[in-house]
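So the chains spell out like this:
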Amino acid sequence: MNTLTTIDELGFAPAVQQDVLEDTTSDHALLEATRSGDHDAFAELVSRYRNQITSYIYRMTNDYDGAVDLAQETFVRVYRAADRYQRSYAFSTYIYRIATNLAISELRKRKRRKLVSLTGFFQPTDGGEAKELNPPDLRPLQDLELVDTERRNAVQRAIGTLPEKYRAPLILRDVDGRSYDEIAKILETSEGTVKSRISRARGFLREKMRAYL
Amino acid sequence: MRNNNCKLICRELDELMLGEAWSAAATEHLRECAECREFHVQQTKLRKIVGSLGTVEAPADFDFRLRARLANDSSSGPAIYWRLVRGGLVTAAMAVIVLLGVVAVRDAMRVGENIGEVARKPEVHQPVKTDQAPPPVVREDKKPDQVIAGVTNEAPPIVYKSVRRPPTDDKKRPLSSFAMSSTRASVLNGAEPAGMSTAFPIDSSVQSFTVSLEDGRGNAKTISVPTVSFGSQRIGQGGNQFAPKRDW
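Being a predicted model, the structure only gives us computed values, none of them experimental.

When its secondary structure is counted, chain B shows five helices and four strands. What you see in chain B, going N to C, is helices and strands ordered as α-α-α-α-β-β-α-β-β. Per-residue burial over chain B gives 4% buried out of 248 residues.

This part takes up the overall build of chain A. Of the regular secondary structure elements, chain A holds nine helices and two strands. When the helices and strands of chain A are read in sequence order from the N terminus, they spell out α-α-α-α-α-β-β-α-α-α-α. Counting the 213 residues in chain A, one finds 31% classified as buried. Partitioning the contacts of chain A with sequence separation of at least 6, the portion at a separation of at least 24 is 58%.

So, on to the environment of Val-76 of chain A. If you trace the backbone, Val-76 of chain A turns up in helix 4 (residues 64-80). Residue classification places Val-76 of chain A among the partly exposed residues on the basis of 15 C-beta atoms within 10 Å. The residues contacting Val-76 of chain A, other than those within four sequence positions of it, are Arg-69, Leu-70 and Asp-73 of chain B.

Take the nonpolar core next. Residue and element names in this part refer to chain A. In this structure, Ile-57, Ala-71, Ala-99, Val-155 and Ile-171 are the most contacted members of the largest nonpolar core, which totals 51 residues. Top contributing element to this core by residue count: helix 3 (residues 39-61), with 10 residues. Once you skip the residues sitting within four places of it in the chain, Ala-99 turns out to touch Ile-53, Tyr-56, Ile-57 and Thr-74.

Moving on to unusual backbone geometry. Residue and element names in this part refer to chain A. Unlike most non-glycine residues, Asn-62 shows phi in positive territory, near 60°. Tracing the sequence through the fold places Asn-62 in the loop between helix 3 and helix 4. Non-glycine residue Glu-188 carries a positive phi angle of around 55°. With respect to the secondary-structure elements, Glu-188 resides in the loop between helix 8 (180-187) and helix 9 (191-208).

This part is about the interface of chain A and chain B. Across the contact, 29 residues belong to chain A and 24 residues belong to chain B. Within the residue set of the side of chain A that touches chain B, elements represented by two or more residues are helix 3, helix 4, helix 6 (144-160), helix 7 (164-175) and helix 9 of chain A. The greatest single-element share of the side of chain A that touches chain B, amounting to nine residues, is contributed by helix 3 of chain A. Tallied by class, residues from the side of chain A that touches chain B come to 14 nonpolar, seven polar and eight charged.

On to the packing of helix 8 of chain A against helix 9 of chain A, then. All names here are of chain A. Between helix 8 and helix 9, whose axes approach to 8 Å, the crossing angle comes to 100°. By the angle between their directions, the pair helix 8 and helix 9 is classed as roughly perpendicular. Mapping the contact onto sequence places Tyr-180, Asp-181, Ile-183, Ala-184 and Leu-187 in helix 8 and Glu-191, Val-194 and Lys-195 in helix 9. Partitioned by chemical class, the residues of the contact of helix 8 with helix 9 number five nonpolar, no polar and three charged.

For helix 7 of chain A, spanning 12 residues, the distance from its first C-alpha to its last is 15 Å, which sits close to the expected 16 Å at 1.5 Å a residue. Of all 12 residues that make up helix 7 of chain A, 10 are buried, and the element is covered over most of its length. Of the positions making up helix 7 of chain A, those classed as buried are Tyr-166, Arg-167, Ala-168, Pro-169, Leu-170, Ile-171, Leu-172, Arg-173, Asp-174 and Val-175 of chain A. Against the buried residues of helix 7 of chain A lie helix 3, helix 5 (91-113), helix 6, helix 8 and helix 9 of chain A together with helix 3 (34-51) of chain B. A positive backbone phi angle near 70° is found at Gly-177 of chain A, which sits one or two residues after helix 7 of chain A.

Taken N-terminus to C-terminus, the directions of helix 9 of chain A and helix 3 of chain B make an angle of 90°; their axes are 10 Å apart at the nearest point. The angle between helix 9 of chain A and helix 3 of chain B places the two elements in the roughly perpendicular class. Contact residues: helix 9 of chain A offers Arg-202, Leu-205 and Arg-206 of chain A, while helix 3 of chain B offers Gln-42, Gln-43 and Leu-46 of chain B. Taken together, the residues of the contact of helix 9 of chain A with helix 3 of chain B break down into two nonpolar, two polar and two charged.

Residue and element names in this part refer to chain B. Considering every residue of chain B, the mean pLDDT works out to 68; 46% of them sit at 70 or more. Helix 3 holds the highest mean pLDDT among the elements of chain B, 88, whereas strand 1 (residues 128-129) holds the lowest, 48. Predicted confidence for residues 137-152 stays below pLDDT 50, and this span has eight contacts to residues more than four positions away or in other chains. Predicted complex, confidence summary: ipTM 0.71, pTM 0.54.

Residue and element names in this part refer to chain A. Across chain A, the average pLDDT comes to 80, with 75% of residues at or above 70. In the model, residues 1-21 has pLDDT below 50 throughout and makes four contacts with residues more than four positions away in sequence or in other chains. Per-residue pLDDT stays below 50 along residues 120-129; that stretch engages in 18 contacts with residues further than four places along the chain or on separate chains.

On to helix 6 of chain A. The α-helix advances 3.6 residues per turn, and as a result positions three or four apart in sequence lie on the same side. Taking 1.5 Å of rise per residue, 17 residues should cover 24 Å, and helix 6 of chain A covers 24 Å from first to last C-alpha, within 8% of that figure. All of the buried residues in helix 6 of chain A are Arg-151, Ala-154, Val-155, Arg-157, Ala-158 and Ile-159 of chain A.

On to the environment of Asp-181 of chain A, then. Following the sequence through the fold, Asp-181 of chain A ends up in helix 8. Taking the C-alpha atoms as reference points, Asp-181 of chain A and Val-194 of chain A, separated by 13 residues in sequence, lie 8.8 Å from one another.

Note that Asp-40 of chain A resides in helix 3. For Asp-40 of chain A, a count of 10 C-beta atoms within 10 Å gives the class exposed.

So, how was this worked out
Residues numbered from 1 in each chain as written. Chains lettered and ligands numbered in written order. Predicted model: local features only at pLDDT ≥ 70, side-chain atom pairs only at ≥ 80, totals over all residues. Helix = DSSP H or I, 4+ residues; strand = E, 2+ residues; numbered from the N terminus. Buried ≥ 20, exposed ≤ 12 C-beta atoms within 10 Å, placed from the backbone. Contact = placed C-beta atoms within 7 Å. Core = buried A, V, L, I, M, F, W, Y, C linked by C-beta atoms within 7 Å. Nonpolar A, V, L, I, M, F, W, Y, C, P; charged D, E, K, R; others polar. Axes fitted to C-alpha atoms, helices over the stretch in contact; angles between N-to-C directions. Parallel < 35°, antiparallel > 145°, perpendicular 65-115°, else oblique. Expected span 1.5 Å × (residues − 1). pLDDT = per-residue confidence, 0-100.

So this is what it looks like as structure tokens:
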């Protein structure tokens, strides 16, 4: 009969350590540490989300420099409001909600200023849907990579023409791959509304991207 | 032709993630319905293109800029606060100073108005004897034959009639004063030559003025004032020397 010499032989030790490790490195724990003045914890949060948030805002606004500024503003707001953060939502939902609000505010500001995008679109004066300035080149391209690049650029421009209420759920779903439930929480709306808007957004995109499909 | 079943199947396919397995009913329907199959192919292609956009990376100096921004915000926060507080205090102090200045100027202007008012109407406050004026004002709880201020009934009492101004005047001129005297002031008029009036009994333009003073212990001092000329003295036609300049 074998006798146990150490507690590790029970096989529980690694699982316990893993739980503790996950708990101390979760987003909530990092934000708690940030609240108590741990700057390294906040730096860890930034490193986790900086690319996602920058990319999301860039897809929303179609302006990289502006997206970087807004992403920084997102983290500044998270840092300032760390004391008021509630754990009822996931931290990713919380930070995406801030980023969405900032991006939508920026889009509305641009609309008020009547800014014209430099990526090849112009806004019609009758308030209708934006039209593409440069129609897609239908001639066959030799290089497959060029075709992919052209498609990505075209879809990026087409997303930029979507109304903001369709743009955000489409990006969150098809680019970021988030669930309907999470998108509904981020946008503070119902799941049914999210599904409906995504379906409408895809319909718009399909019409615009017909040459590439 | 699309029917309700097509809509349901397309919705189901649309809501699934790419690569996620769909139901057997959807598989069966796609095998039969070419339109839905075409729609599904296009939709899948579109979602692949959108999904191929991928993630854009943040710039390399993202953390550095963020730290600088946070540091700048934390340092400028109290500075902005104190700047606002200082600005508020300065504004409040200036408002108080301006208010005090306005009050002082207004009071000074009212004092000037009151001086002119008193000078224009000196006769209002003169004593009036009872035989020429209405009966003396007495309190209601006193009997009519009671004596006021130690004056007996035999001698007709001199009653000082106070002329009350309307309430609006009191509000406008809070610093007004009344000269109460039983002795009538002598009035200078143009009939007497200057220097011979009762107000100044010596004709100072002709003779010198000498005064001897003794302190009671044998020490006497004499003060001699030479002939004084006051120049030409103008007297107002109405006898009112305190009237404003426009009356001259």
